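These are the residues of each chain, in order.
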Amino acid sequence: MPVPQLTIYRHDQRHRALVTLAGEIGLESAPLLRAALAQCLSDGIRIIDVDLTTVTFCDCSGLNAFLYAAQRTTEAGGILRLHNPPPSLARILEVTGCGFLLLGLPLWHLSPSLGNIPDPAAPALPHRSAPRVPVFSGDAR
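Looking up the protein chain in an unreviewed UniProt entry gives the name Anti-sigma factor antagonist, with the organism given as Streptomyces umbrinus. The UniProt entry for the protein chain carries the following comment under Sequence similarities (unreviewed entry): "Belongs to the anti-sigma-factor antagonist family."

So, in structure tokens, the structure goes:
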């Protein structure tokens, strides 16, 4: 049986990042996700928007990675928001009641403009002017 694959794309502009995930997030790939989100903070990123549009599956291991990253981001004075979660993650967020900690508006509601100060009433994402290049990818073994 093949190991699920997770690909992580990251596009930065100033202190913001758009992290786009593709594939499955589970027990084996969650450490890859956790490392990628931690790297954002290490690089000075303080606003992290995570696009889950092309994620096909996410279990509680993925939720744990997102909650951990959100806590670290908040401690650093930043914001981490998830956008367009797959049904598996949406259900876990509903059952656990922790969606309010992680969910942002759908990506099409967000303005492409950037700023250094987060505005929760009108969140913005970086432009995708450059092609997306995988930051982390591979079998999560």
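(A) The arrangement of the packing of aromatic side chains in detail. Counted by the stated rule, this structure contains zero aromatic pairs. The ring of tyrosine 68 has arginine 34 lying over it, and the distance from NZ or CZ to the ring centre is 4.2 Å.

(B) Summary view of the packing of helix H2 (residues 60-75) against helix H3 (residues 87-96). Two elements in contact, H2 and H3, have axes whose closest approach is 10 Å; the angle formed by their N-to-C orientations is 70 degrees. Relative to H3, the element H2 lies roughly perpendicular. Here H2 runs over H3; the crossing is right-handed. Across the interface between the two elements, Cys60, Leu63 and Phe66 from H2 touch Leu89, Ile92, Leu93 and Thr96 from H3.

(C) Structural view of helix H1 (residues 30-42). For H1, built from 13 residues, the straight-helix expectation of 18 Å at 1.5 Å per residue is met to within 8% by its first-to-last C-alpha distance of 18 Å. Taken residue by residue, H1 has Ala30, Leu32, Leu33, Ala36, Leu37, Cys40 and Leu41 as its buried positions. One or two residues past the end of H1 sits glycine 44, with phi positive at roughly 90 degrees.

(D) Broad picture of the pairing of strand E2 (residues 16-25). Across the ten residues that make up E2, a large majority, eight, are buried. As defined by bridge partners, strand E1 (residues 5-13) adjoins E2 across eight bridges and the pair is classed as antiparallel. Within the sheet, the bridge partner assigned to leucine 6 lies in E2 and is glycine 23. What sits between E1 and E2 in their antiparallel hairpin is a turn of two residues, with arginine 14 showing a positive phi close to 60 degrees. A crossover links E2 with its parallel partner strand E3 (residues 47-58), the connecting element being H1, and its sense is right-handed.

The rules behind these values
- Residues numbered from 1 in each chain as written.
- Predicted model: local features only at pLDDT ≥ 70, side-chain atom pairs only at ≥ 80, totals over all residues.
- Heavy atoms only, no water.
- UniProt positions renumbered as here; feature names shortened; annotations may be inferred.
- Phe/Tyr/Trp six-rings, centres within 6.5 Å; stacked < 30°, edge-to-face > 60°.
- Lys NZ or Arg CZ within 6 Å of the ring centre and 35° of its normal.
- Axes fitted to C-alpha atoms, helices over the stretch in contact; angles between N-to-C directions.
- Helix = DSSP H or I, 4+ residues; strand = E, 2+ residues; numbered from the N terminus.
- Parallel < 35°, antiparallel > 145°, perpendicular 65-115°, else oblique.
- Left-handed = near helix turned anticlockwise from the far one by under 90°.
- Contact = heavy atoms within 4.5 Å.
- Expected span 1.5 Å × (residues − 1).
- Buried < 20%, exposed > 50% of the residue type's maximum accessible area, 1.4 Å probe, protein only.
- Pairing = 2+ DSSP bridges.
- Right-handed = clockwise from strand over helix to strand, strands pointing away.

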